[in-house]
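Survey of secondary and tertiary structure
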Amino acid sequence: MLRHGFHVNSGVSYFISTSQAVIMYDRLFTTFRCSCLIFILLLHWTCTSCQRSDGALTVVNSPEDDSGLHSDNESEAGVQDEEEEDFEVVQPTDQWQTLKPGQAVPPGSHVRLNLQTGQREVRLGEEQLKYWTQQHSKSDDNQPFVNPDELKKAMKKIKEDLNINKEQQVLPSTLHMFVANFILNSCSNVCFIIQESASSRFRPLEELKKDMAQLDLLVETDVQILRRLLDQLNSTRSTDERVNILHELEYMVHQVDNAQTLCSMGGLVFILDGLNSTDSRLQESSAFVLGSALASNPTVQVKAVESGALQTLLTVLATTEHFSVQKKVLFAVAALLRNFPFAQEQFLSRGGLQVMSEVFRGDGNGSLRTRIVTLLHDLITEKELISKTSQDSVLDPSQEDRLRQYSRVSLDEELVEKNWCSLVPQLLESSEHDSREKALRALLVMTSMCLGEYRSDRSLLTSLVHLKAHYEDMVSKEQTLGEDTGYFGEIVELVDNLNIKIR
């Protein structure tokens, strides 16, 4: 897996945007097309002039010739009018415009018949509208790249020059030179526009090469990144730098293979050193990295137990007074114990429940209490599911071995001995719905081991009565408002199930 660390300045653009490129090349194509059209028309008139003057080097004035000349002028005037009408080009925008008779539209335009007014209307086509922006419309001021009026004037001037040259018996080569100069000037303008656009919109090639060389140096694999971070963590003594490095490691170890690679590189040693530090920020960040690496990762769980991580976590949990550290350490302990019966056995033998009971009693805001009770509920449920599976089906050797491991975990006896049957009901006093729900679920799975204490606990029975009345009232109010009553209705169901089991 590759981790691409590209750093590109936000103000730098390597390539011209699609809309700018389309508009620029559309203008260039329009200029070239108009130039070719003029060239073809001029060649046509040149050939006509040559045919008329072939073998006639003098002009003979006669009434017939005058009339013929007059008729020719009228004919040319008619052609001129028609051509002027041909060049009556409407430049559409993003708004509908009325299309008058005799007007032409560019290719790709959208033309419709307005049934209310009976007139044809035109605007830009769908593809053209994609690249029509407010900036372009303002900068161009809705003016076409080739002005039709100027084009008509130029055509009229060319025809006048042709008539004058015909009367003065100018050779066709002069007109050829004029056409050639016009085409050369048009091509020069096009080349200048292309060169100016390229120089203003693209960066120099050498500068791009330097940037690409720098980008290539920043490409690292995850293994290389982990090695670099561990080297930095080992070499630096700055607390701020070590905390930042631990945050990057926490992001990396969310991937299972990265967490295993971290362990194989000896990263657990550095993390445990951070847990043993006297700085609360290092303790918090190290516990966070360890918990993320342990989550659903059996390989890392085994290596953590072998390296003594469980004892270190319990020591920090019992000695620290910082709430943020306690929260992250509980997260790491829970990640280490889940689905790992050997670690659960070590946890009980090292006094883990006693340490957690002290944290439970000292928690003022109830957040840590909820986390502890949730962990106890998960551990009890996990063991019950394994036992139930062994009774319902035939086990393979690996499942039998797992069942034997769970049988050595004396969780029920330890909970009763450490007085958790009276501690868990205290969480019902919380004002948070989530905390009450977690307490009710834990009380239900602990009923088999704590039934006698539940029946003799007056405060617990009173709390259940109040909770039932309170949440039934909330369910009734939500039904009146037409809202969903699923969550509060579920809490009422938990209270009812607990009452049934206690009775």
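Residues numbered from 1 in each chain as written. Predicted model: local features only at pLDDT ≥ 70, side-chain atom pairs only at ≥ 80, totals over all residues. Heavy atoms only, no water.

Okay, the overall build of the protein next. Counting its secondary structure elements, the protein contains 25 helices and five strands. Taking all 503 residues of the protein together, the buried fraction comes to 37%. In the protein, 68% of the contacts between residues at least 6 apart in sequence involve partners at least 24 apart. Accessible surface, the protein as shown: approximately 29,700 Å² in total, 53% of it carbon and sulfur. (Helix = DSSP H or I, 4+ residues; strand = E, 2+ residues; numbered from the N terminus. Buried < 20%, exposed > 50% of the residue type's maximum accessible area, 1.4 Å probe, protein only. Contact = heavy atoms within 4.5 Å. Areas by Shrake-Rupley, 256 points an atom, 1.4 Å probe, with all protein chains shown as cover.)

To continue, consider the pattern of salt bridges. Counted under the stated rule, the structure contains 15 salt bridges. Of the charged contacts in the structure, one is a salt bridge between Glu 472 and Lys 468, with a shortest N-O distance of 2.8 Å. In this pair, Glu 472 and Lys 468 both sit in helix H24 (residues 458–481), four residues apart, roughly one turn of the helix. A relative accessible area of 36% places Glu 472 in the partly exposed class. Through salt bridges with shared partners, one network takes in Asp 240, Asp 279 and Arg 281. (Salt bridge = Lys/Arg side-chain N within 4 Å of Asp/Glu carboxyl O.)

Take the pairing of strand E3 (residues 110–113) next. With four bridges joining them, E3 and strand E4 (residues 120–123) adopt antiparallel strand pairing. Paired with Val 111 across the bridge in E4 is Val 122. The hairpin turn running from E3 into E4, its antiparallel successor, is six residues long, and Gly 118 in that turn takes a positive phi close to 75 degrees. (Pairing = 2+ DSSP bridges.)

Let us look at the packing of aromatic side chains. Using the criterion set out here, one finds five aromatic pairs in the structure. Between the aromatic rings of Phe 360 and Trp 420, the centroid separation amounts to 5.6 Å while the plane-to-plane angle is 75 degrees, which identifies the pairing as edge-to-face. With a gap of 60 residues between them, Phe 360 in helix H17 (residues 352–362) and Trp 420 in helix H21 (residues 420–423) connect regions that are remote in the sequence. For the residue pair Phe 360 and Trp 420, the accessibility class agrees, reading buried in each case. Residues Tyr 471 and Phe 488 carry aromatic rings whose centres are separated by 5.8 Å and whose planes lie at 35 degrees to one another, so their mutual orientation is tilted. You can see Tyr 471 sitting in helix H24 and its partner Phe 488 sitting in helix H25 (residues 486–502), a full 17 residues away along the chain. Here the two residues Tyr 471 and Phe 488 agree in accessibility, since each one is buried. One aromatic cluster is present, formed by Tyr 471, Tyr 487 and Phe 488 through successive ring pairs. A cation sits over an aromatic face here: Lys 328 above Phe 288, 5.0 Å from the ring centre. (Phe/Tyr/Trp six-rings, centres within 6.5 Å; stacked < 30°, edge-to-face > 60°. Lys NZ or Arg CZ within 6 Å of the ring centre and 35° of its normal.)

A few words now on the side chain of Asn 297. As for its position among the elements, Asn 297 is in the loop between helix H12 (280–294) and helix H13 (298–306). Among the polar contacts listed, one links the side chain of Asn 297 to the side chain of Gln 260, at a separation of 3.2 Å. Apart from residues lying up to four places away in sequence, Asn 297 is in contact with Val 256, Ala 259 and Gln 260. (Polar contact = N/O pair within 3.5 Å; in protein donor to acceptor, adjacent residues only side chain to side chain.)

Take Phe 342: it is sitting in helix H16 (residues 341–349). The exposure class assigned to Phe 342 is partly exposed, which follows from its relative accessible area of 39%. Between the alpha carbons of Phe 342 and Val 302 there is a distance of 9.1 Å; along the sequence they are 40 residues apart.

Taken together, three strands build an open sheet; the order of strands is E2-E4-E3 and the sheet is antiparallel. With partners counted over all chains shown, the strands left at the sheet margins are strand E2 (97–99) and E3, one partner each. Pairwise comparison of adjacent strand axes, ignoring direction, gives a mean angle of 40 degrees for this sheet. (Axes fitted to C-alpha atoms, helices over the stretch in contact; angles between N-to-C directions.)

Moving on, we get to unusual backbone geometry. Phi is positive for Ser 296, which is not a glycine, with a value near 50 degrees. Within the fold, Ser 296 resides in the loop between H12 and H13. Judged by relative accessible area, which is 70%, Ser 296 ranks as exposed. In this structure, Asn 419 is a non-glycine residue whose phi angle is positive, near 70 degrees. Following the sequence through the fold, Asn 419 ends up in the loop between helix H20 (411–417) and H21. The exposure class of Asn 419 is partly exposed, given its relative accessible area of 33%.

On to the pairing of E4. Pairing of E2 with E4 involves three bridges; the strand directions are antiparallel. The partner of Thr 98 across the bridge, within E4, is Glu 121.

Our focus in this paragraph is the packing of helix H15 (residues 323–337) against helix H18 (residues 367–392). As a packed pair, H15 and H18 sit with axes 11 Å apart at the nearest point and diverge in direction by 5 degrees. The angle between the axes of H15 and H18 places the two elements in the roughly parallel class. Touching Phe 323, Gln 326, Lys 327, Leu 330, Ala 334 and Leu 337 of H15 are Ser 367, Leu 368, Arg 371, Ile 372, Leu 375 and Leu 379, all from H18. Split by residue class, the contact of H15 with H18 holds eight nonpolar, two polar and two charged. (Parallel < 35°, antiparallel > 145°, perpendicular 65-115°, else oblique. Nonpolar A, V, L, I, M, F, W, Y, C, P; charged D, E, K, R; others polar.)

Note that soluble globular proteins tend to have their nonpolar side chains buried in a common cluster. In this structure, Leu 249, Leu 336, Phe 347, Met 356, Trp 420 and Met 446 are the most contacted members of the largest nonpolar core, which totals 91 residues. With nine residues, H15 is the largest single contributor of residues to this core. If we skip the residues at most four places from it in the chain, Leu 336 touches Leu 294, Gln 301, Ala 304, Val 305, Leu 310, Leu 313 and Ala 343. (Core = buried A, V, L, I, M, F, W, Y, C linked by side-chain atoms within 4.5 Å.)

Confidence along the protein averages 79 in pLDDT terms, with 69% of residues attaining 70 or more. Note that residues 1–19 has pLDDT below 50 and, in this model, 35 contacts with residues that lie over four places away or in other chains. For the stretch residues 50–85, pLDDT sits under 50, and the model shows 18 contacts to residues farther than four places along the chain or on other chains. (pLDDT = per-residue confidence, 0-100.)

Turning next to the state of the cysteines. A complete count under the given rule lists one disulfide for this structure. The side chain of Cys 421 participates in a disulfide bridge whose partner is Cys 450; the two sulfur atoms lie 1.8 Å from each other. Disulfide Cys 421-Cys 450: torsion about the S-S bond near -60 degrees, hence left-handed. With Cys 421 in helix H21 and Cys 450 in helix H23 (residues 447–456), this residue pair connects regions lying 29 residues apart in the sequence. With a relative accessible area of 2%, Cys 421 lands in the buried category. Judged by its relative accessible area of 1%, Cys 450 is buried. (Disulfide = S-S within 2.5 Å.)

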